[in-house]
Amino acid sequence: MSGFPCRLRYLAGLHEGRLHLLLPLNRTLGSGPPPIPPCSGSTATLRPCSSRAGSAMNIFDRKMKRRQKNWASSIPGSERYDYLKEEVGSRIVDRVFDIVRTFPVALDIGCGKGHIAEHLNKDTVQKLFQVDIAENVLKHPVETEIPTYRILADEEFLPFKENTFDLVLSSLSLHWVNDLPRAFKLINYSLKPDGVFIGAMMGGETLYELRCSLQLAELEREGGFAPHISPFTAVTDLGNLLEQAGFNMLTVDIDEIVVNYPGIFEVMEDLRGMGESNCAWSRKPLLHRDTMLAAAAIYKG
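Residues numbered from 1 in each chain as written. Predicted model: local features only at pLDDT ≥ 70, side-chain atom pairs only at ≥ 80, totals over all residues. Heavy atoms only, no water.

Before going further, it helps to examine the packing of aromatic side chains. Per the stated rule, a full pass over the model turns up six aromatic pairs. Taking 5.2 Å as the distance between ring centres and 80 degrees as the angle between the ring planes, the aromatic pair formed by Phe60 and Trp176 counts as edge-to-face. Of the two residues, Phe60 sits in the loop between strand S2 (43–45) and helix H2 (62–74) while Trp176 sits in the loop between strand S6 (165–171) and helix H5 (180–190), which places them 116 residues apart along the sequence. Among the residues examined, Phe60 registers a relative accessible area of 3% and is labelled buried. A residue is classified by how much of its surface remains accessible, and Trp176, at 5% relative accessible area, is buried. For the ring pair Phe160 and Phe165, a centre distance of 4.9 Å and an interplane angle of 85 degrees mean the geometry is edge-to-face. The two residues Phe160 and Phe165 agree in class, both being buried. Aromatic ring contacts, followed pair by pair, group Phe129, Tyr149, Phe160 and Phe165 into a single cluster. Of note, Lys65 hangs over the ring of Trp176, and the distance from its end group to the ring centre comes to 3.8 Å. (Phe/Tyr/Trp six-rings, centres within 6.5 Å; stacked < 30°, edge-to-face > 60°. Helix = DSSP H or I, 4+ residues; strand = E, 2+ residues; numbered from the N terminus. Buried < 20%, exposed > 50% of the residue type's maximum accessible area, 1.4 Å probe, protein only. Lys NZ or Arg CZ within 6 Å of the ring centre and 35° of its normal.)

The structure is reproduced here in C-alpha cells:
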C-alpha cells in the first residue's frame, strides 16, 4: 500500500520461571475471589474500580478508555480496524508455540475480541480466561477452538488468586495501564511458580510521525503544544519494571511495524476505530481546524 509511513513499535517480552513474590501492601488483592468459572463462552462481570483519585500513578482516564473501546467495537464494519491487533496477536502465539509445553489454564489480559485466542489450539492451551475493561468487546469474540471464559474487569485490578495460571498473555493493552509496576506484580502473583508471561505493548517511538506533525503545527499556529499522543514506556524501563515485579529469565524485544497511510486523517481514523485514541488526563479536548490542516501538510511533507 502506498502512502506515508506510520511507525508502530511494540515491546514484546517472554518471562518464564517466576520468583515467588510477596506483596505486603497489596496482599488482599491477590487473596480475593477465585477465578469465576462461568459456562464456556459466557461472560462474568466484575465492576472496574479505577478512578482518577484512586491510584498513586494516574496518567490515563480509564473510564474514557473503556468508552473508546466500547464505541470502537460497536461501529459497523469494526473488523476492518483489527489488522494490527490480529498481526500482533499472531506473533504472540508464535512465541507460545516456541515453548514445547501444554498450558492447562491461561489468562489473556485486555483480550479485546480475542485476537490471541483465535490463533491458539487445544494442544497448547486447554482453558483460557479472557479479561477486558470494555463489555461490548467481550460480546463480539472471534471464533476459537479452546474453551474460553470472558470476564469484565479492569486490567489494573486483576481479581485472581495466587498461583492460578500456567500462562498469562497480553496484546496491546498494558500501555494504557496507569500503575504498570503494580500490574506486573499482580500478573506475577497470579502465575504459578513455573508460569510464563508473554506480552506486547506499544512503546518507544510509536506514532513518531503523528506526534511530531501535531507538535510542529500547534507551535506554528498556536504558539505552544499539548500532548496529543500518550506517553509510551521505554524498553530499558520495561525490563527494570519486570525485574522489580519478581520476574526472571527476561527476554525483551522491539519489533517495528510500519503501516503506510494516505495522510494524517486516515491515521487518526484508524486509531479511533481500534479504540486507541489518546485518553491521558492531560489531553487537549480539541484541535483547531487550521492546526489540523497544518499538521496534515507537515505529515505529508
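There is more to say after this.
Attention now goes to empty space enclosed by the protein. Inspection of every chain in the model, using the stated rule, returns five cavities of 30 Å³ or more. Estimated volume of the largest cavity: approximately 140 Å³. Considering the residues around the largest cavity, the lining is formed by 13 residues, among which Asp82, Lys85, Lys113, Val137 and Met274 are closest to the centre. Breaking the lining of the largest cavity down by element, the ones donating at least two residues are H2 and helix H8 (264–274). In terms of residues, the lining of the largest cavity owes the most to one element, H2, which gives three residues. Counted by class, the lining of the largest cavity contains four nonpolar, five polar and four charged residues. When its volume is computed, the second largest cavity comes out at roughly 110 Å³. (1 Å grid on protein atoms, 1.4 Å probe; cavity = no way out; pocket = protein on both sides within 12 Å on 5 of 7 lines; lining within 4 Å. Points joined across faces, edges and corners; volume = space filled by probe spheres on them. Nonpolar A, V, L, I, M, F, W, Y, C, P; charged D, E, K, R; others polar.)

This part is about the packing of helix H6 (residues 208–222) against H8. Contact geometry of H6 with H8 gives a least axis separation of 11 Å together with a crossing angle of 120 degrees. Taken together, H6 and H8 sit at an angle that is classed as oblique. Once H6 is placed against H8, the crossing between them reads as left-handed. Touching Leu210, Ser213 and Leu214 of H6 are Ile264, Val267, Met268 and Leu271, all from H8. Looking at the contact of H6 with H8 residue by residue, the classes come out as six nonpolar, one polar and no charged. (Axes fitted to C-alpha atoms, helices over the stretch in contact; angles between N-to-C directions. Parallel < 35°, antiparallel > 145°, perpendicular 65-115°, else oblique. Left-handed = near helix turned anticlockwise from the far one by under 90°. Contact = heavy atoms within 4.5 Å.)

Before going further, it helps to spend a moment on the pattern of salt bridges. Taken as a whole and assessed by the stated rule, the structure comprises 16 salt bridges. A salt bridge links Arg66 to Glu135; the shortest N-O distance between them is 2.9 Å. Remark: Glu135 occurs in helix H4 (residues 135–138) and Arg66 occurs in helix H2; sequence separation between them is 69 residues. Residue Arg66 is classed as partly exposed on the basis of its relative accessible area of 25%. (Salt bridge = Lys/Arg side-chain N within 4 Å of Asp/Glu carboxyl O.)

As a further point, take H2. A rise of 1.5 Å per residue sets the reference length of H2, with its 13 residues, at 18 Å; its end C-alpha atoms lie 18 Å apart and thus fit the reference within 8%. Residues of H2 that are buried: Arg62, Lys65, Gln68, Lys69, Asn70, Ala72 and Ser73. If you check the start of H2, you find a side-chain oxygen 3.2 Å away from the backbone N of Lys63, and it comes from Asp61. (Expected span 1.5 Å × (residues − 1). Polar contact = N/O pair within 3.5 Å; in protein donor to acceptor, adjacent residues only side chain to side chain.)

Among the seven residues that make up S6, seven are buried, leaving the element largely enclosed by the rest of the structure. Judged from the four bridges that link them, strand S3 (residues 106–109) and S6 form a sheet pairing that is parallel. Bridge pairing in S6 places Leu107 opposite Val168. Here six bridges tie S6 to strand S7 (residues 191–202), and the two strands are oriented parallel to one another. (Pairing = 2+ DSSP bridges.)

Moving on, we get to the layout of surface pockets. Looking at the largest pocket, its volume works out to about 520 Å³. His228, Ile229, Met268, Ser277 and Asn278 are, among the 29 residues lining the largest pocket, the residues nearest its centre. Every element with two or more residues in the lining of the largest pocket is listed here: strand S1 (4–16), H6 and H8. When residues of the lining of the largest pocket are assigned to their parent elements, the largest contribution, four residues, is made by H8. Broken down by class, the residue content of the lining of the largest pocket amounts to 19 nonpolar, six polar and four charged. Forming the boundary of the second largest pocket are 13 residues, of which Ile59, Phe60, Val177, Pro231 and Thr233 lie nearest the centre. Across the lining of the second largest pocket, the residue classes break down as ten nonpolar, three polar and no charged.

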